[in-house]
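Coordinate inspection notes
Residue-level listing of the chains:
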Amino acid sequence: MAAWVIGLAGACLACLAALALWRRRDLRADEGEAQRLARFQPAAPERFDPQIVADLPEPARRFFQWAIAPGAELFTVAELEMQGQFGMGDKARPGYMPMTARQTLASPHGFVWSMWAGRGLRRLSGSDSGSWTRFWLAGLVPVARYGGTPDHSRSAFGRYAAEAVMWTPAAVLPRQGVTWTGIDENTARVTIEHLGIEQAIDLTVDASGAPVQIAFTRWSNANPKGVWCEQPFGAFLSNGRNFHGIRIPTHVEAGNHFGTDAWFPFFVVDVTDLNFPQLGRT
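On a predicted model such as this, the values are computed, not experimentally measured, just so you know. (Residues numbered from 1 in each chain as written. Predicted model: local features only at pLDDT ≥ 70, side-chain atom pairs only at ≥ 80, totals over all residues. Heavy atoms only, no water.)

**Some details on a nonpolar patch on the surface**
The grouping of L137, L140, V141 and V143 at the surface amounts to a nonpolar patch, some 290 Å² of accessible area in total. Here V141 shows up in strand β6 (residues 141-147). (Patch = residues over 30% accessible without salt bridge, like charges linked within 9 Å, V, L, I, M, F, W, Y side chains within 5 Å. Areas by Shrake-Rupley, 256 points an atom, 1.4 Å probe, with all protein chains shown as cover. Salt bridge = Lys/Arg side-chain N within 4 Å of Asp/Glu carboxyl O. Helix = DSSP H or I, 4+ residues; strand = E, 2+ residues; numbered from the N terminus.)

**Some points on the nonpolar core**
A general tendency of soluble globular proteins is for nonpolar side chains to be buried together. Core analysis: the largest hydrophobic core is formed by 64 residues, its most contacted members being F64, W113, W167, W180, I214 and F267. In this structure W167 touches L80, M82, Q103, L105, I248, P249, V252, F267, V271 and L274, once residues within four positions along its chain are discounted. (Core = buried A, V, L, I, M, F, W, Y, C linked by side-chain atoms within 4.5 Å. Buried < 20%, exposed > 50% of the residue type's maximum accessible area, 1.4 Å probe, protein only. Contact = heavy atoms within 4.5 Å.)

**Observations concerning the packing of aromatic side chains**
Under the definition given, this model contains 15 aromatic pairs. Pairing Y96 with F264 gives two aromatic rings, centres 6.0 Å apart and planes at 45°, and the pair type is tilted. Pair noted here: Y96 is in strand β2 (residues 96-106) and F264 is in strand β13 (residues 264-275), with a separation of 168 residues, a long-range link. Judged by its relative accessible area of 11%, F264 falls in the buried class. Between the aromatic rings of F111 and Y160, the centroid separation amounts to 5.5 Å while the plane-to-plane angle is 40°, which identifies the pairing as tilted. Here the residue F111 occupies a position in strand β3 (residues 110-117), and Y160 occupies one in helix α3 (residues 150-167), the gap between them amounting to 49 residues. (Phe/Tyr/Trp six-rings, centres within 6.5 Å; stacked < 30°, edge-to-face > 60°.)

**Digging into unusual backbone geometry**
Following S107, the chain continues to P108 via a peptide bond in cis, the omega torsion being 10°. Looking at the element boundaries, P108 is found in the loop between β2 and β3. The phi torsion at N239 lies on the positive side, around 60°, for a residue other than glycine. Here N239 is to be found in strand β11 (residues 229-243). You will see that H244, though not glycine, has its phi angle at about 55°, which is positive. The residue H244 is located in the loop between β11 and β12 (246-256) in this model.

**Some words on helix α2 (residues 58-67)**
Most of α2 is tucked away: seven of the ten residues are buried. Residues of α2 that are buried: P59, A60, R62, F63, F64, W66 and A67.

**A look at the pairing of β11**
Two strands pair when backbone bridges link them, and strand β10 (residues 211-220) and β11 are joined in this way by eight bridges, in the antiparallel orientation. Residue pairing for β11: S220 is matched across the bridge by C229. Summarising the sheet, β11 and β12 pair through ten bridges and their orientation is antiparallel. Directly across from N242, in β12, lies its bridge partner R247. Between β11 and β12, which pair antiparallel and follow one another directly, the connecting turn spans two residues, one of which, H244, has a positive phi of 55°. (Pairing = 2+ DSSP bridges.)

**Side note on the pattern of salt bridges**
Summed over the entire model, instances satisfying the criterion amount to eleven salt bridges. Measuring nitrogen to oxygen at the nearest pair gives 4.0 Å for the salt bridge that ties R134 to D30. Of this pair, R134 sits in strand β5 (residues 132-137) while D30 sits in helix α1 (residues 3-38), and the two are 104 residues apart along the sequence. D30 gets classed as buried once you look at its relative accessible area, which sits at 6%. A salt bridge links D202 to R189; the shortest N-O distance between them is 2.6 Å. Here the residue D202 occupies a position in strand β9 (residues 197-205), and R189 occupies one in strand β8 (residues 187-194), the gap between them amounting to 13 residues. R189 gets classed as partly exposed once you look at its relative accessible area, which sits at 32%.

Next up, the structure:
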């Protein structure tokens, strides 16, 4: 065999080994971030008393009484499992791929979301967090890597603040940095502030307090010009389910340009499990 063929084969193997090592480092970073966030779980969580929300605007009060059973422990960090579809295209050509994902959510401190979508050589995997976005094709080819900028941090904060309203209601109970105001008989606005970043989310509930919609203005570059700006984002919510005394909407259809003709629900998922890590407990 010619020396150049042997050399080329060796170089290819070295490249594959380097990419595999790079991917393993990403996976270890995901695990490390999940463990860091789990430590924000209160060591001795309080239990829910409806009096905590008695003075909130009526839609917010209804929501919390729907979402948290009296006496339930107020865990603020959750681990979620989900499955559904992830759209890689646009409204005209959604390009949905089957998806599974797991997430650690610890508002206002951060989140890490790890996903697997597609099949075979079109399989996409990777993760989002408050610090990075990085995805791989077929587990070997990096196709998206960015983060570590003020724009990314601001955009990520909008995401996990909104997801806290959906999936960790104890984390958005009134306290320093979390303020609720009324909008109308079925809508309330929560404003979440942390480390100089602020995000307002409008939550709409039905007569029972079940959440049916969230809407907010998110800092994003998901637009035809790829320019960072504030633009509408939102989701329709349904299928409430109880996990350990906490009830959440388990079906979510979310996307950019919510409330406009350009709305495209690229994130369509069902939460299949929710647990509360207890690494922070004594």
